[in-house]
Amino acid sequence: MIFTASQQPVFKQVKENYECIHDVLENTKDSDWVLTPEGSLSGYCEGPVHNATQETKDEYNNYVQKLENYLKENRRNLALGTGHIEQDKLPYNEIRFYKEGNFQKYYAKQLLTHGPEFMGEYHFYVPGVKLETIDLAPNVRAGALICNDAWAYPLASPNGNPYYWRTLKEMGCNIVFVSANCTMDKRDEVVYNFHESMLRIMAKSYNMHIVVSGTCTDMNGVPVQHVQAPSGIISDTGEWIVKCKEQGMDQVSAEINFG
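This section reports on the structure supplied with the text. What you see as residue numbers is a count from 1 along each chain, following the sequence as written. Only residues with pLDDT of at least 70 get local features here, since the model is predicted, and only at 80 or more are side-chain atom pairs given and counted; chain-wide, interface and lining totals rely on the full set of residues. Each side-chain value is derived from all of the structure's non-hydrogen atoms; neither hydrogens nor water enter the calculation.

### What to know about the packing of helix α1 (residues 14-26) against helix α2 (residues 54-74)
Consideration 1: Throughout, an axis means a line fitted to C-alpha atoms (over the contacting stretch in the case of helices), and angles, computed between N-to-C directions, take values from 0 to 180 degrees. Numbering of helices and strands runs from the N terminus, with a helix taken as a DSSP run of H or I at least four residues long and a strand as a DSSP run of E at least two residues long. For the pair α1 and α2, the least separation of the axes is 10 Å and the interaxial angle reads 10 degrees. Between α1 and α2, the crossing angle belongs to the class labelled roughly parallel. Judged by residue contacts, V14, K15, Y18, I21, H22, L25 and E26 of α1 engage E59, Y60, Y63, K66, L67, Y70 and L71 from α2.
Consideration 2: Of the residues that constitute the contact of α1 with α2, the class distribution is 9 nonpolar, 1 polar and 4 charged. Here roughly perpendicular refers to angles of 65 to 115 degrees, roughly parallel to angles under 35, roughly antiparallel to angles over 145, and oblique to all remaining angles. Any pair of residues with heavy atoms lying within 4.5 Å of one another is described as a contacting pair. Residues are sorted three ways: Asp, Glu, Lys and Arg are charged, Ala, Val, Leu, Ile, Met, Phe, Trp, Tyr, Cys and Pro are nonpolar, and all the rest, Gly among them, are polar.

### A look at the side chain of Q7
Consideration 1: Its location among the elements puts Q7 in strand β1 (residues 2-7).
Consideration 2: Pairs of N or O atoms within 3.5 Å make up the polar contacts considered here, provided that, within protein, one atom can donate a hydrogen while the other can accept it, and that residues adjacent in sequence are counted only when both atoms are side-chain atoms. Polar side-chain contacts of Q7 include one of 2.7 Å to the backbone oxygen of G248.
Consideration 3: When near neighbours in sequence (up to four residues on either side) are disregarded, Q7 contacts G214, T215, C216, V227, S231, C244, K245, Q247, G248, M249, D250 and Q251.

### What to know about the packing of aromatic side chains
Consideration 1: Planes of paired rings set the category: under 30 degrees apart is stacked, over 60 is edge-to-face and the rest tilted, where pairs are Phe, Tyr or Trp rings (Trp by its six-membered ring) whose centres lie within 6.5 Å. If you walk through the whole model with that rule in mind, you get 9 aromatic pairs.
Consideration 2: Where F3 meets F177, the ring centres are 6.1 Å apart and the plane angle is 55 degrees; that geometry is what we call tilted. Residue F3 is located in strand β1, and its partner F177 is located in strand β8 (residues 175-179); the two are separated by 174 residues in the primary sequence.
Consideration 3: Relative accessibility under 20% of the residue-type maximum defines a buried residue, over 50% an exposed one, and the middle range a partly exposed one, all with a 1.4 Å probe and only protein chains included. Judged by relative accessible area, F3 falls into the buried class, the value being 0%.
Consideration 4: Three or more aromatic residues joined by ring pairs form one cluster here, namely F3, W33, F97, F177 and F258.

### Overview of the environment of V211
Consideration 1: Counting through the fold element by element, V211 comes out in strand β9 (residues 209-213).
Consideration 2: Here V211 falls in the buried class, since its relative accessible area comes to 0%.
Consideration 3: In the structure, V211 is positioned 10 residues away from G221 in sequence and 22 Å away in space, judged by C-alpha atoms.

### Focus: the sheet that holds strand β12 (residues 250-255)
Consideration 1: Between any two strands, pairing holds if DSSP finds at least two bridges. What the 6 strands build is an open sheet, ordered β5-β4-β3-β2-β1-β12; its pairing is mixed. Whereas interior strands pair on both sides, the edge strands pair on one side only; in this sheet they are β5 (102-108) and β12. Direction aside, the axes of adjacent strands within the sheet are offset by 30 degrees on average.
Consideration 2: Pairing of strand β4 (residues 91-99) with β5, which is carried by 6 bridges, proceeds in the antiparallel orientation. Of the residues in β5, the one forming a bridge with K99 is N102.

Geometric descriptors of this kind do not, in isolation, establish any biological role.
As structure tokens, then:
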């Protein structure tokens, strides 16, 4: 199966994000599965969040429908990072899985960033309550994690790291999709190394491939000339198969044989 990691901008405007995702899909027609970054359609902590106006919700839903129409018409497989209001009327930070254009299920971020004295992502979303897997093929089971779920950044994870990777392995996963959005206005080499090392050690420790897609904008949707976490595809030995460049929009693809 051919997988694509997409490093792309995540703007505040859903229209611009839709157009970007559409371009990515048009440029990756040979890929079996494409993964986009955290909040790639809605915007990060934008769109359908707590206290969103009906106008904002309607605009977002309009572009969800346009994207879903495209996926159905082209029978595409997409793991979409986006904020979304579910049937319980609550907003979640999600990866939504579409198989041959049909929505299958979603994973909602559990480890929302916050601290002892700041609410962080709780201002915008409610946390998910469980891990999810999806069978991509008879011998290929994928899990999903969103940004802080994958590495539990210490300053934004006061309760520590639950190591969801271990549970995903126990659930039978041999590949994990990670959508990320963690770039600050200035690059911090120590933080970058932390993110990269966490991804590689988890792939190696649990013998799972990883597809990770991050942003080339900061968390306010502003283009920057660096990234704070790498994007690409990591083998089940912890080595990079393909890796995006460390600034700007980029997509990389790799064929993985699961045996």
